[in-house]
Amino acid sequence: MPELAEVEVTRRQLLPLLGLTVACAEKLSDKNLRLPLGKGDLGRLSGARLDAIDRRGKYLIWHFLGADGVPLEMVVHLGMSGKTLLDAADASPHDHLRWHWSQGATLTYRDVRRFGFVAVGDVGLGTEMTATMGPEPWDETWAAQVAAKAKKGSRSVKALLMDQSVAAGLGNIYVCEALFATGIHPETPAYKLKNKQIEALHEAVQGVLERAIAAGGSSIQDFKAAHGSPGYFQLELKVYGRAGEGCPACGEEIRAIKQQGRTTFFCARCQR
Ligand SMILES: [Zn+2]
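(A) Molecular detail of the overall build of the protein chain. Per the secondary structure count, the protein chain includes six helices and 10 strands. Once the C-alpha set of the protein chain is aligned to its principal axes, its extents read approximately 60 × 35 × 30 Å. Taken across its 272 residues, the protein chain has 52% of its residues classed as buried. If you sum the accessible surface of the protein chain, you get close to 12100 Å²; carbon and sulfur atoms cover 51% of it.

So, in structure tokens, the structure goes:
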């Protein structure tokens, strides 16, 4: 599933669209995505000029100036398998939407599992949809905000960091990697974390995401960004997806356990 790094890579590849106008937005399938599009939503985009694309967590928030001079927003969430492809080289039965832009560019929303969505609405839609989201990784108050939430309840540090209302944009891959980098066992109760450990987690989260973005994201389960090219960070993952292999730090066999229905990868010797 695309996490913050993959969504940010996608956002950066879409920036050449800034300043272009939507000629029309077209529905290519009758299948619903996670949220159905409202009647007329796509029509509002006709003649609208794209001014900015922001990211909040795993959400892309597109800012347009409508043909009638009224600003509007489009929110895109890639779900498990969504892709926004610029000038897609091929067609797929899983193509759901296509935006035709001035100067002939096209953008296609492709989503095999259809857990993603596209929503169009007034200014503020993006803020509204991400209102309960925790801090971005580059927020200076990240550690303080996460520490405050860690004290409540008895859940594990893995569950804590996977919760979008605690920390925005993190998913299974980068949580596993950040916990390995900090030597924290994924089943550690979050309330037992020391402030120093949470500060170390903040640094690890930033580091792993920055390296993943630079490598074009991790292409697990066929992630491709807007250019249709895969990322390469999966080659640099230390524990994620490596059950049974030797730990890169100590050689101990990397283990896989289930937490909240998701597989956690870790080294039982390095992470305590
Ligand atoms: Zn190890």
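Next comes the rest of the account.
(B) Broad picture of the sheet that holds strand E6 (residues 95–101). Ordered in space as E1-E6-E7-E5, the four strands form an open sheet in which the pairing is antiparallel. Looking at which strands have only one partner, the edges of the open sheet turn out to be strand E1 (22–27) and strand E5 (82–86). With direction set aside, neighbouring strand axes in the sheet form an average angle of 15°. Summarising the sheet, E6 and strand E7 (residues 106–111) pair through five bridges and their orientation is antiparallel. When the bridges of E7 are listed, His-100 appears paired with Thr-106.

(C) Geometry of the sheet that holds strand E2 (residues 49–56). The strand order E2-E3-E4-E8 describes an open sheet built from four strands, whose pairing is antiparallel. For this open sheet the edge positions go to E2 and strand E8 (117–122), each flanked by a neighbour on one side alone. Across the sheet, the axes of successive neighbouring strands diverge by a mean angle of 20°, strand direction being ignored. Where strand E3 (residues 59–65) lies against strand E4 (residues 71–77), seven bridges are found, and the strand directions are antiparallel.

(D) Examining the side chain of Asp-95 more closely. With respect to the secondary-structure elements, Asp-95 resides in strand E6. Within polar-contact distance, the side chain of Asp-95 engages the backbone nitrogen of Ser-92 at 3.0 Å. If we skip the residues at most four places from it in the chain, Asp-95 touches Leu-28, Ser-29, Asp-90, Thr-108, Tyr-109 and Arg-110.

Cut-offs applied
- Residues numbered from 1 in each chain as written.
- Predicted model: local features only at pLDDT ≥ 70, side-chain atom pairs only at ≥ 80, totals over all residues.
- Heavy atoms only, no water.
- Helix = DSSP H or I, 4+ residues; strand = E, 2+ residues; numbered from the N terminus.
- Buried < 20%, exposed > 50% of the residue type's maximum accessible area, 1.4 Å probe, protein only.
- Areas by Shrake-Rupley, 256 points an atom, 1.4 Å probe, with all protein chains shown as cover.
- Pairing = 2+ DSSP bridges.
- Axes fitted to C-alpha atoms, helices over the stretch in contact; angles between N-to-C directions.
- Polar contact = N/O pair within 3.5 Å; in protein donor to acceptor, adjacent residues only side chain to side chain.
- Contact = heavy atoms within 4.5 Å.

Purely spatial values, then, with no claim about function.
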